[in-house]
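# Summary of the model geometry
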Amino acid sequence: MDSWKSGWHSWLRMRTIRSLLLVFLLFRLFPGGHSGNGTSRPAVVNIGALFTFESSIGRVAKIAIEEAVKDVNANSSILPGTTLKVQMQNTNCSGFVGMVEALQFMETDTIAIIGPQSSVVAHIISHVANELQVPLLSFAATDPTLDSLQFPFFVRTTHSDAYQMAAVAEMVDYYNWKQVTAIYIDDDYGRNGLSALGDKLAERRCKISYKVGIPPESGANSSDTMDLLVKVAMMESRVIVLHVYPQKGFEIFSMANYLGMMGNGYVWIATDWLSSVLDSTPLDSDTMEKIQGALVLRQHTADSDRKKAFVSRWNSGGFPGLNSYGLFAYDSVWLVAQAIDKFFNQGGVISFSNDSRLSTGGDSNLHLDAMSIFNDGKLLLGNILQGDVVGLTGRIKFEPDRSLTFPAYDVINVVGTGFRRVGYWSNYSGLSTVTPETLYMSPPNRSSADQQLYSVIWPGETSVKPRGWVFPNNGKQLRIGVPIRVSFKEFVSPARGTPDKFQGFCIDVFTAAVNLLQYPVPYQFVPVGDGKKNPSYMDIVNSVYNGVLDAAIGDIAIVTNRTKIVDFSQPYVASGLVVVVPFRKMNTGAWAFLRPFSPLMWIVTGCFFLAVGIVVWVLEHRINDEFRGPPKRQMITVLWFSLSTLFFAHRENTVSALGRMVLLIWLFVVLIINSSYTASLTSILTVQQLFSPIKGIESLKEGNDPIGYQTGSFAEYYLGEELRIPKSRLIELGSPEEYAAALQKGPKNGGVAAIVDELPYVELFLASQCTFRIVGQEFTKSGWGFAFPRDSPLAVDISTAILELSENGDLQRIHDKWLAGSSCSSETSEIESDRLHLKSFIGLFLICGVACFVALVIYFVQVIRKLYRSEPNEAIESGQGSSSRSRSIHRLLSIMDEKKDTSKKGRGSKRRKLETSLSDSSRVGEFEKNERREVEMEIPRRNMNGNGINPE
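Residues numbered from 1 in each chain as written. Predicted model: local features only at pLDDT ≥ 70, side-chain atom pairs only at ≥ 80, totals over all residues. Heavy atoms only, no water.

## Re the overall build of the protein
The condition is simple: Helix and strand assignments follow DSSP, with helices taken as H or I runs no shorter than four residues and strands as E runs no shorter than two, numbered in order from the N terminus. The contact criterion used is simple: two residues touch if any of their non-hydrogen atoms lie within 4.5 Å. Throughout, the Shrake-Rupley method with a 1.4 Å probe supplies accessible areas, and for residues the shown protein chains are the sole cover considered.
A tally of helices and strands in the protein yields 31 helices and 32 strands. The long-range fraction of contacts in the protein, counting pairs at least 24 apart against all pairs at least 6 apart in sequence, stands at 72%. A total accessible area of about 49,300 Å² is found for the protein, and carbon and sulfur atoms account for 56% of it.

Structure (structure tokens):
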């Protein structure tokens, strides 16, 4: 029994020893470990911090990180029962030192690192972080190439320089500058930031015209820097973007001030390196004097009660000035603390494992096996990226590309002993004088009209916006190409005896525009062409595009394919393609009076005359005696009444109200028809009527006749490429004389049917050639301008000068000087066309003559018939044949002279008229007396004229 008990006790001791040994081994393997249910947390959690202690950012960041750790540890809701401990290392802006210190952190079970501050250091130690899976939270490394694809464990808790460069590009575009000179520090931070600036400027059709790389601090030399600034002063652009470190930046400002580069005309835009110094370190008056007028960007942080309380506590602690990077460093500590707290709540365990690839063999002293991989580093990294908290800088939340939401910058202007804010930039709405937080509550608006900043005091203490560029002070003149024309030399041609000088309309316009500029323009004319034929204007434009020429002037048409490669000035001449054809005069002819109305119009008008007569007859027949009588007489009355209204000469009265209404409306219609006919006939008879079978470009396209165009003109391209006219139909012509000869020959004799050319040439051609005319409308709309390289600031100033020339009348005076010369005798042609010739009226005279002839024939037929009826009776009575001929002639004359007896018809008509007007019996009596008296007087008269024989 005792042996059994002793055995039992021995087995129990061994079991206990084994259990204690297992627990010991577990704690050795997981020094900060806890159970999987998350109920146990380590007493201390280690994080590291890497930055440069003695820099303007580092001095503030050190204090901010320490204050953040104190606040985290004092807050019971974050990491309860666990103390957050931070170990700081000074990298001294050295990539090598930073890497060594990062490796030292890996030996102390550090699970996250705040930093590094430098982008150069971040590039190096991000590789270490990737290998050991320890998140890096950098509050100041702004290099845009530090992306998540190459460095998945790098987390930027500030804004990338990609956004800062976007702000710079929008400022450049806002002030209408097109080129900048960039001075940058020649390392990862400077080069990659400059690359982002170039991309953002290109999006706005701006560019970096000159780049100046400054060696990093270790290789910097003051004399070399001075030489570089001298080169900058000789460049065209006066907008300088400074993207360097603070020490080198202030050195550059001092040298620029010495060289006079901080005066009028210059623009200096400094990135946020300068604002971090201005916020944290008081500058002496001498230094402030050297940076007057500079525009500076500063990372924007939203105002909040928490931020105000922290700033108040900061100021009361006697610390250096607080800059935005200090605020981001503070928020970075809180972000990692909350991520660690969430990590523990998820059951995460702080454990490390050795990497077999880092094992050292032999007698190596590197002790690489001391570094281990953070097993749950990816879980902690995920918690950091999923964080959504509100810190001193505002809301901290990451986009899918790991950039912070709503990047924004303050735009400040250095003035006097301090600076003032002139606006904001945000990736949400661009430039604005309203805080970004206010804009976030409205839909994004990036329209140019809403982009605005307050007024700026520029270098030289002026509020006038600098032009931003000058001509390079390098002794070179602008090479301006000028075409050597062999035709239409009024526009541009070489001056006699001076091949490098030119004259003409285009040259005078350019010279006048240059004289209006507020600065001198050194230039020289470069002739283009062989003088035998007009040069290709597309080749001239390509020379500007390729940099062979600095500009090109002359009669250069502004067309689409050219505007894609160069910029043009404001058009100084309206232009467009037109069609010129020969014409012949259209004779008016004998029947010209019928041309005002079409055949249908004549038919409808005649029908309405007849219809209105019938309608009035119907309305008046029952109550108006003038529309009564025998059918024949009523038909004549209807015809006479309707036709006489044409001349308002109708004698029949209308009695009924309806008849008068119809007649009134019809007379108004007749008035309009008569006036229109008169006007149209006047135009036909007095204005020259020209005729050509070609009516415009459409009829020209449909035919197969050859078409002429000017040598070197874009008309060839347009006709062939745009209108798809076969090139076999296109004939090249080199001068106005060839124009005239080809048109006169015509397509059947080796000439052309028409010429297509620009309107200014055609107007000059037609001024001396009166047998040709323009047909149709301009089928292109363009103008002539001067060509400049893309985004050339000179193009804008020349355009403004051309507008001024147009407004003050100088442009018209130059036009009249060169292009308002002699023209064909149009006055003679107009006088000739105003004279009316017999041939225009021969038809009317013919109709009238025929009517007269027919009427006389009918009349004589009636008289002769009457003569023959009376001659037999007279022959029986006289019985004398010898004198019969003389008596016949005498009788013929008597018949023609005697008055026709109209007593029967006349008395009835007169009685009806008198009965209508006299209603009482006395008037009727008077009528009868007058009637008898008239009959008694008629009988003797008849006896005297006809020997008592009634002619009827």
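And the narrative resumes.
## Notes on the UniProt feature "transmembrane region" (unreviewed entry) in the protein
Cut-off, in case you're wondering: UniProt positions are given in the numbering used here, feature names are shortened, and annotations may be inferred rather than shown by experiment.
Under the feature "transmembrane region" (unreviewed entry), the UniProt entry names residues 600-619, 661-685 and 841-861. For residues 600-619, helix accounts for 100% and strand for 0%, while the C-alpha atoms at its two ends are 28 Å apart.

## Quick look at the sheet that holds strand β29 (residues 730-733)
Threshold: By the convention used here, strands pair only if DSSP detects at least 2 bridges between them. Only the stretch in contact is used when a helix axis is fitted, and all axes are lines through C-alpha atoms; the angle between N-to-C directions ranges over 0 to 180 degrees.
Taken in spatial order, the five strands of this open sheet run β29-β28-β30-β25-β31, and their pairing is mixed. Edge positions in the sheet fall to β29 and β31 (772-775), since each has one partner strand and no second. Between one strand and the next, the sheet's axes are offset by a mean angle of 35 degrees, whatever the strand orientation.

## A short note on the packing of aromatic side chains
Both the distance between ring centres and the angle between the ring planes are used here to describe each pair of aromatic rings. Using the following cut-off: Centres within 6.5 Å make a pair out of two Phe, Tyr or Trp rings, where for Trp the six-membered ring is used; the pair is then stacked when the planes are under 30 degrees apart, edge-to-face when over 60, and tilted otherwise. The buried label goes to any residue with under 20% of its type's maximum accessible area, the exposed label to any with over 50%, and the partly exposed label to all in between, with areas taken from a 1.4 Å probe on protein chains only.
With the rule as written, the count across this model stands at 38 aromatic pairs. With a centroid separation of 5.3 Å and an interplanar angle of 50 degrees, the aromatic rings of F253 and W268 are classed as tilted. In this pair, F253 is assigned in helix α8 (residues 246-258) and W268 in strand β9 (residues 267-270), connecting sequence segments 15 residues apart. For W268, a relative accessible area of 0% translates into the label buried.

## Some points on the sheet that holds strand β15 (residues 408-415)
Pairing within the open sheet is mixed, and its eight strands lie in the order β7-β6-β8-β9-β10-β15-β16-β17. Both edges of this open sheet fall to β7 (207-214) and β17 (430-432), since each of them pairs with a single strand only. Here the strands of the sheet are splayed against their neighbours by 25 degrees on average, with no regard to which way each runs. In terms of strand pairing, strand β6 (residues 179-185) meets strand β8 (residues 239-243) through four bridges, oriented parallel. Within the sheet, the bridge partner assigned to I183 lies in β8 and is L242. Across the face of the sheet, helix α7 (residues 222-233) comes into contact with β6, β7 and β8 while running at roughly 170 degrees to β7.

## A look at the packing of helix α2 (residues 56-74) against helix α12 (residues 324-345)
Here is the rule: By convention, the crossing between two helices is left-handed when the near helix turns anticlockwise from the far helix through less than a right angle, and right-handed when the turn is clockwise. All amino acids are sorted into three groups, where Ala, Val, Leu, Ile, Met, Phe, Trp, Tyr, Cys and Pro are nonpolar, Asp, Glu, Lys and Arg are charged, and the leftover types, Gly among them, are polar.
In the contact formed by α2 and α12, the axes pass within 8 Å of each other and the chain directions differ by 35 degrees. Crossing hand, α2 versus α12: right-handed. Where α2 approaches α12, its residues I57, V60, A61, A64, I65, E67, A68, V69, D71 and V72 are matched on the opposing element by Y325, G326, A329, Y330, V333, W334 and A337. Its residues assigned to classes, the contact of α2 with α12 shows 14 nonpolar, one polar and two charged.

## A look at the environment of S55
Quick note on the threshold: Definition of a polar contact: a pair of N or O atoms within 3.5 Å, with one able to donate and the other able to accept a hydrogen when the atoms are protein atoms, and with sequence-neighbouring residues admitted only if both atoms are side-chain atoms.
Its place among the elements puts S55 in the loop between β1 (44-51) and α2. Linking S55 and C93, residues 38 residues apart in sequence, is a C-alpha distance of 9.1 Å. A polar atom in the side chain of S55 sits 2.8 Å from the backbone nitrogen of G58.

## A word on the nonpolar core
Here is the rule we go by: Only buried residues count toward a nonpolar core. Its members are Ala, Val, Leu, Ile, Met, Phe, Trp, Tyr and Cys residues joined through side-chain atoms within 4.5 Å.
Membership of the largest hydrophobic core comes to 89 residues, with the highest contact counts inside it found for Y572 and V579. Top element by residues in this core is helix α15 (residues 505-515). It accounts for eight residues. In this structure, Y572 is in contact with F505, C506, V509, G554, D555, W784, G785, F786, I802 and L811, ignoring residues within four places of it in sequence. A49, F105, F328 and I340 belong to the second-largest nonpolar core, a separate cluster that totals 72 residues.

## Some words on the pattern of salt bridges
As a reminder of what qualifies: Salt bridges are defined by distance alone: a side-chain nitrogen of Lys or Arg within 4 Å of a carboxyl oxygen of Asp or Glu.
Under the counting rule described, the total for this entry stands at 25 salt bridges. Across the pair R298 and D279 runs a salt bridge whose closest N-O atoms are separated by 3.0 Å. Of the two residues, R298 is situated in strand β10 (residues 295-299) and D279 in helix α9 (residues 272-280); the sequence distance between them amounts to 19 residues. D279 carries the same exposure label as R298, and that label is buried. For R421, the salt bridge is made with D410, and the minimal N-O distance between the two is 3.7 Å. Of this pair, R421 sits in strand β16 (residues 418-426) while D410 sits in strand β15; the two residues are 11 residues apart in sequence, bridging distant segments of the chain.

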